Amino acid sequence: MGNLLKVLTREIENYPHFFLDFENAQPTDCEKEVWNQVNAVLQDSESILSGLQAYKGAGQEIREAIQNPNDIHLQERAWNSVCPLVIRLKRFYEFSLRLEKALQSLLESLTFPPYTPTQHLEKEQALAKQFAEILHFTLRFDELKMRNPAIQNDFSYYRRTISRNRINNMNLDIENEVNNEMANRMSLFYAEATPMLKTLSTATTNFVSENKTLPLENTTDCLSTMASVCKVMLETPDYTSRFNSEDTLLFCMRVMVGVIILYDHVHPAGAFTKTSKIDMKGCIKVLKDQPADNVEGLLNALKFTTKHLNDETTPKAIRAMLQ
């Protein structure tokens, strides 16, 4: 089946096992329309990450302005430093809305009958790869955002300054770009520890609730199958050796964690129960077998952004693995 190969002839504990060529999958004619739509979004993802990585904030200017409230020059300098940053934060937020639509298009393609989710992944490998790329981007974005407290500090200063309305004749044209409604939505977005993951979780939950005729299992099976795909690739040297780049290992790890988190938010019982279709012990073990620097953020994502880890139904052994 093209680049998606069945790698084991048997099912182990009912978990599907596949090798998906994340590096080379190309869209078939049937995938082209959705693939082009999603690609138009994904092609901007690297510039979003670069912009976030380069985000230094206006901390010093803000501190000086607060410490010297009567110094108009310092007030102006802080304001003129923050305004371009707020425009950049707006761009990141608007990208999350585009990503949300792209994810829902992919979920529709990868879950709707007549095919099962596993058959979809076999037939539509390029869309599966794009789904993985969205998850990969999401975890990278959130890792960078969590390490950058300047984002919320800058935006809080911006909102305080606008609401006090103490600054006169100072580039208040920015309100044409970021009006109060937009500022409220951006504020909610950046208040989240992992805003992109929250966006995807909400989008997936909304997709399920809006498509009432589609069995929930179609969506959750798509996610659990993808988790198994990544797990078997990571734990099988014969397959990791096929990768052209070492970055593909980290890609697989991020994707595996991303689909686990989505599954945990969408499935009523979550990802950690004994009845879960995701081999959580196996997935956590695969992560822990990697260099600690590569997986610390991913293990933290499982600890702090999942929904059901601390439920009574979560086996103690799994909780212990994430301590």
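Residues numbered from 1 in each chain as written. Predicted model: local features only at pLDDT ≥ 70, side-chain atom pairs only at ≥ 80, totals over all residues. Heavy atoms only, no water.

Peer 1: An account of the overall build of the protein chain is requested, with residue identities and associated values reported.
Peer 2: Secondary structure summary: the protein chain contains 16 helices and two strands in total. For 323 residues, the compact-globule estimate of 2.2 N^0.38 gives 20 Å, and the C-alpha radius of gyration of the protein chain, at 22 Å, lies within 12% of that figure. Relative to its 323 residues, the protein chain shows a buried fraction of 51%. Contacts spanning at least 24 positions in sequence make up 76% of the contacts within the protein chain whose residues lie at least 6 apart. As displayed, the protein chain offers around 15,900 Å² of accessible surface, 47% of which is attributable to carbon and sulfur atoms. Across the protein chain, the 35 positively charged side chains and the 41 negatively charged ones have centroids separated by 5 Å. (Helix = DSSP H or I, 4+ residues; strand = E, 2+ residues; numbered from the N terminus. Rg over C-alpha atoms; globule rule 2.2 N^0.38 Å. Buried < 20%, exposed > 50% of the residue type's maximum accessible area, 1.4 Å probe, protein only. Contact = heavy atoms within 4.5 Å. Areas by Shrake-Rupley, 256 points an atom, 1.4 Å probe, with all protein chains shown as cover. Lys, Arg positive; Asp, Glu negative; His and termini not counted. Charge placed at Lys NZ, Arg CZ, Asp CG, Glu CD.)

Peer 1: Account for the domain arrangement of the protein chain, with residues named and values stated.
Peer 2: In terms of domains, the protein chain is made up of domain 1 (28-192) and domain 2 (215-322). Taking only C-alpha atoms into account, the centre of domain 1 sits 26 Å from that of domain 2. Every contact between the two is made by 16 residues of domain 1 and, on the other side, 15 residues of domain 2. Between domain 1 and domain 2 lies a buried interface of about 1,500 Å² when both sides are counted; carbon and sulfur atoms form 79% of it. Ranking the residues of domain 1 by area buried against domain 2 places Leu135, His136 and Leu139 at the top, with a combined share of 32%. At the boundary of domain 1 with domain 2, the tally comes to one salt bridge. Arginine 254 is the salt-bridge partner of glutamate 143, the closest N and O atoms lying 3.2 Å from each other. Our count for the contact surface shared by domain 1 and domain 2 stands at three residue pairs in polar contact (both at pLDDT 80 or more). Here the side of domain 1 that touches domain 2 takes nine residues from helix 6 (residues 125-146), the largest share from any one element. (Domains from an automatic or database assignment. Buried area = accessible area lost by both parts, 1.4 Å probe. Salt bridge = Lys/Arg side-chain N within 4 Å of Asp/Glu carboxyl O. Polar contact = N/O pair within 3.5 Å; in protein donor to acceptor, adjacent residues only side chain to side chain.)

Peer 1: Go over the pattern of salt bridges with me, naming the residues and quoting the values.
Peer 2: The tally for this structure, following the rule as stated, stands at twelve salt bridges. Measuring nitrogen to oxygen at the nearest pair gives 2.2 Å for the salt bridge that ties arginine 77 to glutamate 64. With arginine 77 in helix 4 (residues 72-111) and glutamate 64 in helix 3 (residues 59-67), the pair connects residues that are 13 residues apart, well separated along the chain. Given a relative accessible area of 22%, glutamate 64 falls into the partly exposed group. Measuring nitrogen to oxygen at the nearest pair gives 3.5 Å for the salt bridge that ties aspartate 279 to lysine 231. Separated by 48 residues along the polypeptide, aspartate 279 in the loop between helix 13 (247-266) and helix 14 (280-288) and lysine 231 in helix 11 (residues 216-235) bring together distant segments of the chain.

Peer 1: How would you summarise helix 13 if you had to cite specific residues and measurements?
Peer 2: The end-to-end C-alpha distance of helix 13 is 29 Å, a good match for the 28 Å that 20 residues give at a rise of 1.5 Å each. Counting buried residues along helix 13, 16 of its 20 residues qualify, which places the element largely inside the surrounding structure. (Expected span 1.5 Å × (residues − 1).)

Peer 1: Run through the side chain of glutamine 104, naming residues and quoting values.
Peer 2: Secondary-structure assignment places glutamine 104 in helix 4. If we ignore the near neighbours within four places in the chain, the residues touching glutamine 104 are Ala203, Asn206, Phe207 and Glu210.

Peer 1: Which residues make up the confidence of the model for the protein chain, and what values go with them?
Peer 2: Any segment with low pLDDT has predicted coordinates that should not be analysed in fine detail. Within the protein chain, residue pLDDT values average 88, and 92% of them lie at 70 or more. By mean pLDDT, the top-scoring element of the protein chain is helix 2 (residues 45-53) (97), and the lowest-scoring one is strand 1 (residues 4-6) (42). Below pLDDT 50 for its whole length, residues 1-14 participates in 31 contacts with residues either more than four positions away or in separate chains. (pLDDT = per-residue confidence, 0-100.)

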